[in-house]
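Chain and residue survey
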Amino acid sequence: MSSNKNVVPEAKEALNRFKMEAAAEVGVNLKNGYNGDLTSKQAGSVGGQMVNIMCPVQTVHFNREIRTINGHNLPITYQFCLAV
């Protein structure tokens, strides 16, 4: 039994358009319906592009003082997803 059900059935066409746009951006030729001839790399690049658009990554760099050694700093980098 599949758990891939649209919470809003009317959104199915919008999601398909979004998928086609993402595929065009990464150079993958999708057709309507079955796309079983795609390689895993092609299918993954489409899904990855969709995630990149929905959830852009923000990177923050800063220095944090090391608590055990006075006067020393530790460079910290955080990457997180911005809510759209």
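Residues numbered from 1 in each chain as written. Predicted model: local features only at pLDDT ≥ 70, side-chain atom pairs only at ≥ 80, totals over all residues. Heavy atoms only, no water.

**Brief notes about the confidence of the model for the protein chain**
For the protein chain, the mean per-residue pLDDT works out to 84, and 90% of the residues sit at or above 70. Per-residue pLDDT, averaged within each element of the protein chain, yields its smallest value for strand β1 (residues 57-65) (79) and its largest for helix α1 (residues 12-26) (93). (pLDDT = per-residue confidence, 0-100. Helix = DSSP H or I, 4+ residues; strand = E, 2+ residues; numbered from the N terminus.)

**Focus on the nonpolar core**
If you look at the biggest cluster of nonpolar residues, it comprises 7 residues: Phe18, Ala22, Ala23, Val28, Leu30, Val46 and Met50. Top contributing element to this core by residue count: α1, with 3 residues. Not counting residues up to four positions away in its chain, the partners in contact with Met50 are Phe18, Lys19 and Ala22. (Core = buried A, V, L, I, M, F, W, Y, C linked by side-chain atoms within 4.5 Å. Buried < 20%, exposed > 50% of the residue type's maximum accessible area, 1.4 Å probe, protein only. Contact = heavy atoms within 4.5 Å.)

**Topic: the packing of α1 against helix α2 (residues 40-54)**
Remark: α1 packs on α2, axes separated minimally by 8 Å, with the N-to-C direction vectors making an angle of 110°. One finds that α1 runs roughly perpendicular with respect to α2. Residues Phe18, Lys19, Ala22, Ala23, Glu25 and Val26 of α1 pack against Ser45, Val46, Gln49, Met50, Ile53 and Met54 of α2. Partitioned by chemical class, the residues of the contact of α1 with α2 number 8 nonpolar, 2 polar and 2 charged. (Axes fitted to C-alpha atoms, helices over the stretch in contact; angles between N-to-C directions. Parallel < 35°, antiparallel > 145°, perpendicular 65-115°, else oblique. Nonpolar A, V, L, I, M, F, W, Y, C, P; charged D, E, K, R; others polar.)

**With respect to α1**
With 15 residues, α1 should cover 21 Å at 1.5 Å per step; its first-to-last C-alpha distance of 21 Å lies within 8% of that length. Packed against the buried residues of α1 are α2. Among the residues trailing α1, Gly27 stands out with phi positive, at a value near 80°. (Expected span 1.5 Å × (residues − 1).)

**Notes on the environment of Gly27**
With respect to the secondary-structure elements, Gly27 resides in the loop between α1 and α2. Spatially, the C-alpha atom of Gly27 lies 52 Å from that of Asn70, the residues being 43 residues apart in sequence.

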